[in-house]
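Results of the structural survey
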Amino acid sequence: HQLPVEGIVSQGHRGMVRKGVHPRTIRKLFELAHHFFKTREYQKAFEYNLLAGEKAESLYMAEQAVDFYKCATKIHVESKTGARESAITMGFRTGDLLSLAGEFEESLDAYIAILNLANNPEVQAKIYRKRAEVYHKKGDVEKTILECDTGLSLLNDLESGERARLLCAKSWSCIVI
């Protein structure tokens, strides 16, 4: 059984070498992730891709971090490896990084991909808020408000800090600069 994630791992590695990135830690983490993937130890491959993504993100290497997070997500989805919470966290990180890079459609997709993993209304509301923030960056006021309203409806009467963040995002969408 071979997961289609191998190409992503290899592509991410070649991309780092081609761009002259030299953090040995990330390279070592990649090599470990790739090794464990090849030996079908998917839990360890998942964990090392997650670590490599975190390290790349801490070094402001957004493109490489996204590659590692996508790889770990594919391993999680296709081999049912890794904790649900880790997959949700990777989805948020991937969406955030893609949004920062101006890859808005991919960012929206990353957030929606984790929606079915989230069984907590607060986490689901956060996903809709993150999507609203992307639509706000795109200048789409109607979709920003729609995403905020969807998130708010999930919270019902639940007192949550997420409600305040959604209301704030909704109010900012009405401000035209």
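Check the entry above for the structure.
Before going into details, it helps to say that this report is about the structure given with it. Since this is a predicted model, take the numbers as computed values, not measurements. (Residues numbered from 1 in each chain as written. Predicted model: local features only at pLDDT ≥ 70, side-chain atom pairs only at ≥ 80, totals over all residues. Heavy atoms only, no water.)

Bringing the packing of aromatic side chains into the picture now. Applying the stated criterion across every chain, the model contains 3 aromatic pairs. On the basis of an interplanar angle of 50 degrees and a centroid distance of 6.3 Å, the ring pair of Phe92 and Tyr111 is categorised as tilted. With Phe92 in helix 5 (residues 84-100) and Tyr111 in helix 6 (residues 104-113), this pair connects stretches of sequence that are 19 residues apart. With respect to burial, Phe92 and Tyr111 carry one shared label: buried. Against the face of Phe92 rests Lys126, its NZ or CZ located 4.5 Å from the ring centre. (Phe/Tyr/Trp six-rings, centres within 6.5 Å; stacked < 30°, edge-to-face > 60°. Helix = DSSP H or I, 4+ residues; strand = E, 2+ residues; numbered from the N terminus. Buried < 20%, exposed > 50% of the residue type's maximum accessible area, 1.4 Å probe, protein only. Lys NZ or Arg CZ within 6 Å of the ring centre and 35° of its normal.)

Attention now moves to helix 3 (residues 42-58). Along an α-helix, residues three or four positions apart point the same way, because every turn accommodates 3.6 residues. Compared with an ideal rise of 1.5 Å per residue, which puts 17 residues at 24 Å, helix 3 spans 24 Å between its outermost C-alpha atoms and is within 8% of the ideal. The set of residues buried in helix 3 consists of Tyr42, Ala45, Phe46, Asn49, Leu50, Ala52, Gly53 and Ala56. One face of helix 3 carries all of its buried residues, which in axial projection span an arc of 165 degrees. One or two positions beyond helix 3, positive phi appears at Tyr60, with a value near 60 degrees. (Expected span 1.5 Å × (residues − 1). Arc of directions from axis to C-beta.)

To find leftover empty space, a probe the size of one water molecule is rolled over the atoms. Quantified by volume, the largest pocket comes out at close to 390 Å³. Elements that contribute at least two residues to the lining of the largest pocket include exactly helix 4 (62-79), helix 5 and helix 6. The leading source of residues in the lining of the largest pocket is helix 4, at 6 residues. Its residues assigned to classes, the lining of the largest pocket shows 9 nonpolar, 5 polar and 5 charged. (1 Å grid on protein atoms, 1.4 Å probe; cavity = no way out; pocket = protein on both sides within 12 Å on 5 of 7 lines; lining within 4 Å. Points joined across faces, edges and corners; volume = space filled by probe spheres on them. Nonpolar A, V, L, I, M, F, W, Y, C, P; charged D, E, K, R; others polar.)

What follows concerns the nonpolar core. Within the largest apolar cluster, 36 residues are counted, with the highest numbers of intra-cluster contacts made by Tyr69, Ile75, Ile88, Met90, Phe92, Ile114 and Ile127. Put simply, the parts of the chain that give this core at least two residues each are helix 2 (24-38), helix 3, helix 4, helix 5, helix 6 and helix 7 (121-138). Looking at this core, the element that brings in the most residues is helix 4, giving 7 residues. Every residue in contact with Phe92, bar those within four places of it in the chain, is listed here: Tyr111, Ile114, Val123, Lys126, Ile127 and Lys130. The next biggest cluster of nonpolar side chains, apart from the first, holds 7 residues, and it includes Ala132, Leu152, Leu155 and Leu166. (Core = buried A, V, L, I, M, F, W, Y, C linked by side-chain atoms within 4.5 Å. Contact = heavy atoms within 4.5 Å.)

Once that is clear, we can look at unusual backbone geometry. You will see that Arg40, though not glycine, has its phi angle at about 60 degrees, which is positive. Along the chain, the position of Arg40 falls in the loop between helix 2 and helix 3. A positive phi angle, near 60 degrees, is found at Tyr60, a position not held by glycine. Its place among the elements puts Tyr60 in the loop between helix 3 and helix 4. Take Tyr60: its relative accessible area is 76%, and that puts it in the exposed class.

Time to look at the pattern of salt bridges. Going through the model one piece at a time under the given rule, you end up with 12 salt bridges. Between Glu31 and Lys28 there is a salt bridge, with its nearest N and O atoms 4.0 Å apart. A residue pair is termed a helical-turn pair when its members lie 3 or 4 positions apart in one helix, as Glu31 and Lys28 do in helix 2 at 3 residues. In the salt-bridge network here, residues are joined through shared partners; they are Arg129, Glu133, Glu162 and Arg165. (Salt bridge = Lys/Arg side-chain N within 4 Å of Asp/Glu carboxyl O.)

Moving on: the packing of helix 7 against helix 8 (residues 141-155). Packing of helix 7 against helix 8 leaves a shortest axis separation of 8 Å and a crossing angle of 170 degrees. When the axes of helix 7 and helix 8 are compared, the pair comes out roughly antiparallel. On helix 8, the residues touching Pro121, Glu122, Gln124, Ala125, Tyr128, Arg131, Ala132, Tyr135 and His136 of helix 7 are Lys143, Thr144, Glu147, Cys148, Thr150, Gly151, Leu154 and Leu155. Looking at the contact of helix 7 with helix 8 residue by residue, the class counts come to 8 nonpolar, 5 polar and 4 charged. (Axes fitted to C-alpha atoms, helices over the stretch in contact; angles between N-to-C directions. Parallel < 35°, antiparallel > 145°, perpendicular 65-115°, else oblique.)

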